[in-house]
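# Notes for the structure review
Spelled out, the chains give:
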Amino acid sequence: MKKRNLLFAILIFCGVTIYAQEQEPEINIGGNLGITTNDTQVVVGLDGELLYAVDQNFKVGVATGLIFATKNNGVLLPLAFSGRFKADTKLGVGLDLGYAIPINKSTGSLYVRPMLEYKLSNKSNLKFSYSGLNSVGYLNIGILFRMNHNRRSLTISY
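Residues numbered from 1 in each chain as written. Predicted model: local features only at pLDDT ≥ 70, side-chain atom pairs only at ≥ 80, totals over all residues. Heavy atoms only, no water.

## Describing the overall build of the protein chain
What counts here: Numbering of helices and strands runs from the N terminus; a helix is a DSSP stretch of H or I covering at least four residues, while a strand is a stretch of E covering at least two. The rule is simple: take the accessible area with a 1.4 Å probe, protein chains only, and divide by the maximum for that residue type; under 20% is buried, over 50% is exposed, in between is partly exposed. Every residue pair with non-hydrogen atoms within 4.5 Å of one another is taken to be in contact. We get accessible surface area from the Shrake-Rupley algorithm with a probe of 1.4 Å; when it comes to residues, only the shown protein chains can shield them.
When helices and strands are tallied, the protein chain shows one helix and ten strands. The N-to-C order of helical and strand elements in the protein chain reads α-β-β-β-β-β-β-β-β-β-β. In the protein chain, buried positions account for 32% of the 158 residues. Long-range pairs, those at least 24 residues apart, make up 43% of the contacts in the protein chain between residues at least 6 apart in sequence. Carbon and sulfur atoms make up 66% of the accessible area of the protein chain, which amounts to about 10,100 Å² in all.

## Overview of the pattern of salt bridges
Our working definition: Salt bridges, as used here, are contacts in which a Lys or Arg side-chain nitrogen is within 4 Å of a carboxyl oxygen on Asp or Glu.
Counted under the stated rule, the structure contains seven salt bridges. Put simply, glutamate 26 and arginine 146 hold a salt bridge, and the shortest N to O gap is 3.9 Å. Separated by 120 residues along the polypeptide, glutamate 26 in strand β2 (residues 26–36) and arginine 146 in strand β9 (residues 136–146) bring together distant segments of the chain. For glutamate 26, a relative accessible area of 9% gives the class buried. Note that glutamate 49 and lysine 127 form a salt bridge whose closest N and O atoms lie 2.9 Å from each other.

## Quick word on the nonpolar core
So the rule is basically this: Here, nonpolar core means buried Ala, Val, Leu, Ile, Met, Phe, Trp, Tyr and Cys residues that are tied together by side-chain atoms lying within 4.5 Å of each other.
Membership of the largest hydrophobic core is limited to eight residues, which are Val43, Ile67, Leu76, Ala80, Ala100, Tyr111, Leu133 and Tyr138. For alanine 100, the contacting residues outside a window of four places in its chain are Leu76, Leu77, Pro78, Gly108, Ser109, Tyr111 and Leu133.

## Some remarks on the sheet that holds strand β7 (residues 109–119)
To summarise the sheet geometry, strands pair through backbone hydrogen bonds and adopt either a parallel or an antiparallel arrangement. As a reminder of what qualifies: The pairing criterion for strands is at least two bridges between them, as found by DSSP. Fitted lines through C-alpha atoms serve as axes, helices being fitted only where they are in contact, and the angles separating the N-to-C directions of these axes extend from 0 to 180 degrees.
Spatially, eight strands are ordered β2-β3-β4-β5-β6-β7-β8-β9 in a closed barrel, and the strand pairing comes out antiparallel. Strand-to-strand twist across the sheet, computed as the mean angle between neighbouring axes with direction ignored, equals 25°. Looking at chain direction, β2 and β9 are connected through nine bridges and run antiparallel. Pairing of asparagine 32 across the sheet is with glycine 142, part of β9.

## A closer look at the environment of leucine 139
Checked against the element boundaries, leucine 139 lands in strand β9. Classification of leucine 139 as partly exposed rests on a relative accessible area of 49%. Once the C-alpha coordinates of leucine 139 and methionine 115 are considered, the two residues, 24 residues apart in sequence, prove to be 10.0 Å apart. Residues contacting leucine 139, with those up to four places away along its chain left out, are Leu33, Gly34, Ile35, Thr37, Ser129 and Tyr130.

## Observations regarding the pairing of β9
Here ten bridges tie strand β8 (residues 124–133) to β9, and the two strands are oriented antiparallel to one another. From the neighbouring strand, serine 129 faces β9, where its bridge partner is asparagine 140. Between β8 and the antiparallel strand that follows it, β9, lie two residues; asparagine 134 among them carries a positive phi value of about 50°.

## Looking at the confidence of the model for the protein chain
Stated formally: Confidence of the predictor at the level of single residues is captured by pLDDT, which takes values from 0 to 100.
On average, residues of the protein chain carry a pLDDT of 81, and 80% of them reach 70 or more. When mean pLDDT is taken per element in the protein chain, β7 scores highest with 94 and strand β1 (residues 16–19) scores lowest with 38. Considering only residues more than four positions removed or in separate chains, one finds that residues 14–21, a stretch of pLDDT under 50, has 16 contacts.

## A few points about the environment of serine 129
Note the cut-off: In the analysis that follows, any N or O atom pair within 3.5 Å is treated as a polar contact, provided that within protein one partner can donate a hydrogen and the other can accept it, and provided that, for residues neighboring in sequence, both atoms belong to side chains.
Position of serine 129 among the secondary structure elements: in strand β8. Distance from serine 129 to isoleucine 141, taken between C-alpha atoms, is 6.5 Å for residues twelve residues apart in sequence. One polar contact links serine 129 to arginine 113, side chain to side chain, over a distance of 3.1 Å. Among the polar contacts made by the side chain of serine 129, one reaches the side chain of asparagine 140 at a distance of 2.4 Å.

Printed below as a string of structure tokens:
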């Protein structure tokens, strides 16, 4: 009986593996502050991203948010496809490409946003980006917080 219980315990401990669950999306939420490139208009934005890992250094997904322009009180809702490439342990580059839907006193336009991200911690990234909206563009700086950074899974296989 003791031999059988010992053998059963050894089999369980040999089959237990702990790994990070990579099939779940990375969810990021944050905000940014910017200034337009053609006149001195302040722009405030909210960002949201849903990214899936393609491999260890590349993620794809979707991005959205809200853009508030202070000069004309315009509000835009960008909907975009996203790509992120981790160039280093702390540095990454990305691109959002989509369409900005007008909400208030704005016109819809093509939305292009190249960016440079710096990893502050496992929970936050500092983002430098340029957002192009037809003939208007703005430079901004923002911070993103990862909402599901502690997801872990326990798998028992025998």
